[in-house]
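What the coordinates show
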Amino acid sequence: MADEKLLSFEAEDKDFAFSAIPYTPQQLEQAFHMEELPAPVRTVVTVCGAMRGVGGIDSWGSDVEKPYRISAEDDVEFSVRFLL
C-alpha cells in the first residue's frame, strides 16, 4: 500500500526493550479476562531501557538470576532513535 508508514527504533548505544500492543497498561490491569478488553483502536508503544520479567527460576518462589536483576535504586539511561 502506498499510504503505509514504517516506524523503526534503533539503539544508539545498548539494547532496549519495547512493546507495541493495542491496549494501555491501565486497560490491561483492569481486565481479568481478554473479553473484558475494549475493541482495539490504536497501537500503544512502550520503550524501556531495561525489562525485568515476573517470577524467578521456579516461577513465583524465588528471584530472577543475579545477571538479570534490575535495581530500582539506579536510573537506567539509554538512547533510541525513532524513524518514520
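On a plain count of helices and strands, the protein comes out with one helix and four strands. Helices (α) and strands (β) of the protein occur, in sequence order from the N terminus, as β-β-α-β-β. For the protein, with 84 residues in total, the buried portion stands at 11%. Across the protein, the fraction of contacts at a sequence separation of at least 24, relative to all contacts at a separation of at least 6, is 59%.

The next subject is the pattern of salt bridges. Within the structure shown, the criterion is met by one salt bridge. In this structure, the salt-bridge partner of Arg-81 is Glu-10, at a minimum N-O distance of 3.8 Å. One end of the pair, Arg-81, is in strand β4 (residues 80-83); the other, Glu-10, is in strand β1 (residues 8-11), with 71 residues separating them in the sequence. For Arg-81, a relative accessible area of 39% gives the class partly exposed.

Turning our attention to the packing of aromatic side chains. Counting across every chain of the model gives three aromatic pairs. Seen in terms of ring centroids, Phe-9 and Phe-82 are 5.1 Å apart; in terms of plane orientation they differ by 80°. Their pairing is edge-to-face. Here Phe-9, found in strand β1, pairs with Phe-82, found in strand β4; they are 73 residues apart in sequence, far enough to count as distant. Ring pairs connect the aromatic residues Phe-9, Phe-16, Phe-18 and Phe-82, which therefore count as one cluster.

Take a nonpolar patch on the surface next. Together, Leu-7, Phe-18, Val-45, Phe-82 and Leu-84 make up a nonpolar patch on the protein surface, roughly 540 Å² of accessible area in all. With respect to the helices and strands, the residue Val-45 is situated in strand β3 (residues 44-48). Take Val-45: its relative accessible area is 36%, and that puts it in the partly exposed class.

Bringing the confidence of the model for the protein into the picture now. Per-chain confidence: the protein averages 82 in pLDDT, with 86% of residues scoring 70 or above. Mean pLDDT across the secondary structure elements of the protein bottoms out at β4, with 85, and peaks at helix α1 (residues 25-30), with 92.

On to a negative patch on the surface. A contiguous patch of negative charge on the surface is contributed by Glu-73, Asp-74, Asp-75 and Glu-77. In this structure, Asp-75 sits in the loop between β3 and β4.

By secondary structure assignment, the location of Ala-17 is in strand β2 (residues 17-21). Measuring from C-alpha to C-alpha, the distance between Ala-17 and Met-51 comes to 6.5 Å, with 34 residues separating the pair along the chain. Beyond its immediate stretch of four places on either side in the chain, Ala-17 contacts Thr-46, Val-47, Cys-48 and Met-51.

Procedures and definitions
Residues numbered from 1 in each chain as written. Predicted model: local features only at pLDDT ≥ 70, side-chain atom pairs only at ≥ 80, totals over all residues. Heavy atoms only, no water. Helix = DSSP H or I, 4+ residues; strand = E, 2+ residues; numbered from the N terminus. Buried < 20%, exposed > 50% of the residue type's maximum accessible area, 1.4 Å probe, protein only. Contact = heavy atoms within 4.5 Å. Salt bridge = Lys/Arg side-chain N within 4 Å of Asp/Glu carboxyl O. Phe/Tyr/Trp six-rings, centres within 6.5 Å; stacked < 30°, edge-to-face > 60°. Patch = residues over 30% accessible without salt bridge, like charges linked within 9 Å, V, L, I, M, F, W, Y side chains within 5 Å. Areas by Shrake-Rupley, 256 points an atom, 1.4 Å probe, with all protein chains shown as cover. pLDDT = per-residue confidence, 0-100. Lys, Arg positive; Asp, Glu negative; His and termini not counted. Charge placed at Lys NZ, Arg CZ, Asp CG, Glu CD.

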